[in-house]
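Take a look at the letters that make up each chain.
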Amino acid sequence: MAISSCLCHHQLALKINLLTTVSKHSKSTFALKPINTEFYGIHIGNKLRNQWSFMRGSGAIIIPNESFNLRQKNSKLQASCFANMQLASDAFTLGTAAVLPFYTLMVAAPKSELTKKCMRSSIPYVLLGVLYSYLLYLSWTPDTFRLMFASKYWLPELPGVAKMFSNEMTLASAWIHLLVVDLYAARQVYQDGLENEIETRHSVSLCLLFCPIGILVHAITKALISTFRESKS
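The rules behind each value
- Residues numbered from 1 in each chain as written.
- Predicted model: local features only at pLDDT ≥ 70, side-chain atom pairs only at ≥ 80, totals over all residues.
- Heavy atoms only, no water.
- Helix = DSSP H or I, 4+ residues; strand = E, 2+ residues; numbered from the N terminus.
- Buried < 20%, exposed > 50% of the residue type's maximum accessible area, 1.4 Å probe, protein only.
- Areas by Shrake-Rupley, 256 points an atom, 1.4 Å probe, with all protein chains shown as cover.
- Phe/Tyr/Trp six-rings, centres within 6.5 Å; stacked < 30°, edge-to-face > 60°.
- Contact = heavy atoms within 4.5 Å.
- Salt bridge = Lys/Arg side-chain N within 4 Å of Asp/Glu carboxyl O.
- Expected span 1.5 Å × (residues − 1).
- Core = buried A, V, L, I, M, F, W, Y, C linked by side-chain atoms within 4.5 Å.

Looking at an unreviewed UniProt entry, one finds the chain named Neoxanthin synthase and attributed to Lactuca virosa.

Written as structure tokens, this is what we have:
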């Protein structure tokens, strides 16, 4: 009995000393490694700071890490840019392929009834105009006017226009714009040639690639033929 009583007193003294030592260092902080948590299907990285003591218990502060949200936003932005680039490329190819049959008819069979009927129609210009309007809508930004009219006199400047056309969607809309204007000019040259019985194949071909040169060549051709006819009569 005496031995067991001594052992009990000795263990009680050790517990008291332990509590005294811990009370002097009642607060101890330690950081755990980052943990990953699934919350409603969203993967969030967290940092956990735990404060623990015998007197106050334990408390945890969770600091969310939103790098996943940033990566998700970046991926959506990249997908949107890729879709716009693909749309601009498709519109570029579609517009180019749409005007080629009309040039082919005007050059290969200028006096055919099919060619005359197709060139009198306004459907190609309406369709290309709708496509151009849609591309212009997609490419329009709040800085468009500022880039177009950058000078204090509200006149276009080359650096601003070059920066504006660095966007592929804007470039595609400008290409459709040129295709429509060139085709319209080629039709005017073609119809003028039919009315005045003037050869227009070379002028129409030039309108496809170099529209102002095609119009100039047609004017020269018309003047030369008119002069020749007057001298002959």
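Having seen the model, we can carry on.
Q: What is the right way to look at the overall build of the chain in this model?
A: The secondary structure content of the chain amounts to nine helices and four strands. When the elements of the chain are put in sequence order from the N terminus, they spell out α-β-β-β-β-α-α-α-α-α-α-α-α. Taken over 233 residues, the chain has a buried fraction of 23%. A total accessible area of about 17,200 Å² is found for the chain, and carbon and sulfur atoms account for 67% of it.

Q: Can you help me understand the packing of aromatic side chains in this one?
A: For any pair of aromatic rings, the description rests on two quantities: the centre-to-centre distance and the angle between the ring planes. A complete count under the given rule lists two aromatic pairs for this structure. Aromatic side chains Phe92 and Trp175 sit 5.0 Å apart centroid to centroid with 25° between the ring planes, which places their arrangement in the stacked category. With Phe92 in helix H2 (residues 67-108) and Trp175 in helix H7 (residues 168-196), this residue pair connects regions lying 83 residues apart in the sequence. By relative accessible area, which is 38% here, Phe92 ends up partly exposed. Centroid distance Tyr125 to Tyr184: 5.9 Å. Interplanar angle 80°. Geometry classified as edge-to-face. Residue Tyr125 is found in helix H4 (residues 123-139), and its partner Tyr184 is found in helix H7; the two are separated by 59 residues along the sequence.

Q: In this structure, what is going on with the environment of Leu138? I would like to understand it.
A: Assignment of secondary structure puts Leu138 in helix H4. The class of Leu138 is partly exposed, set by a relative accessible area of 32%. In sequence terms Leu138 and Asn84 are 54 residues apart; their C-alpha atoms lie 8.6 Å from each other. Setting aside residues no more than four positions away along its own chain, Leu138 makes contact with Leu87 and Met169.

Q: Looking at this structure, I do not really get unusual backbone geometry. What am I missing?
A: Among all residues except glycine, the phi angle is most often negative; among peptide bonds, the trans geometry is most common. A positive phi angle, near 55°, is found at Glu197, a position not held by glycine. As for its placement among the helices and strands, Glu197 is situated in the loop between H7 and helix H8 (201-209). Glu197 gets classed as exposed once you look at its relative accessible area, which sits at 65%.

Q: Please explain the pattern of salt bridges as it appears in this structure.
A: Two side chains of opposite charge can pair, provided their charged atoms sit close to one another. Taken as a whole and judged by the stated rule, the model has four salt bridges. Among the salt bridges present, the one from Lys116 reaches Glu113, with a minimum N-O distance of 3.9 Å. In this pair, Lys116 and Glu113 are both assigned in helix H3 (residues 113-120), three residues apart and thus about one turn of the helix distant. Since its relative accessible area comes to 25%, Lys116 is described here as partly exposed. The exposed category is assigned to Glu113, whose relative accessible area is 56%. As a salt-bridge pair, Asp192 and Lys222 come within 3.4 Å of each other at their nearest N and O atoms. Placement of the pair is Asp192 in helix H7 and Lys222 in helix H9 (residues 211-232), with a sequence separation of 30 residues. Of the residues examined, Asp192 reaches a relative accessible area of 18% and is grouped as buried.

Q: Before we go on, may I ask you to explain H7 in this structure?
A: Quick reminder: α-helices carry 3.6 residues per turn. Residues three or four places apart thus point the same way. A rise of 1.5 Å per residue sets the reference length of H7, with its 29 residues, at 42 Å; its end C-alpha atoms lie 42 Å apart and thus fit the reference within 8%. Two residues or fewer after H7 comes Glu197, characterised by a positive phi angle close to 55°.

Q: Looking at this structure, how should I read the nonpolar core?
A: Generally speaking, soluble globular proteins have nonpolar side chains that are buried together. Counting residues in hydrophobic clusters, the biggest one holds 22 residues, and the most contacted among them are Tyr103, Met106, Met119, Leu135, Leu183 and Val204. Mapped by element, the contributors of at least two residues to this core are H2, H4, H7 and H8. Excluding anything up to four places from it in sequence, Tyr103 contacts Asp182, Leu183, Ala186, Val204, Cys207 and Leu208.

Q: How should I be thinking about the side chain of Ser173 in this particular structure?
A: Inspection of the secondary structure puts Ser173 in helix H7. On the basis of relative accessibility, which here comes to 4%, the residue Ser173 falls in the buried class. When near neighbours in sequence (up to four residues on either side) are disregarded, Ser173 contacts Tyr132, Leu135, Leu136 and Ser139.

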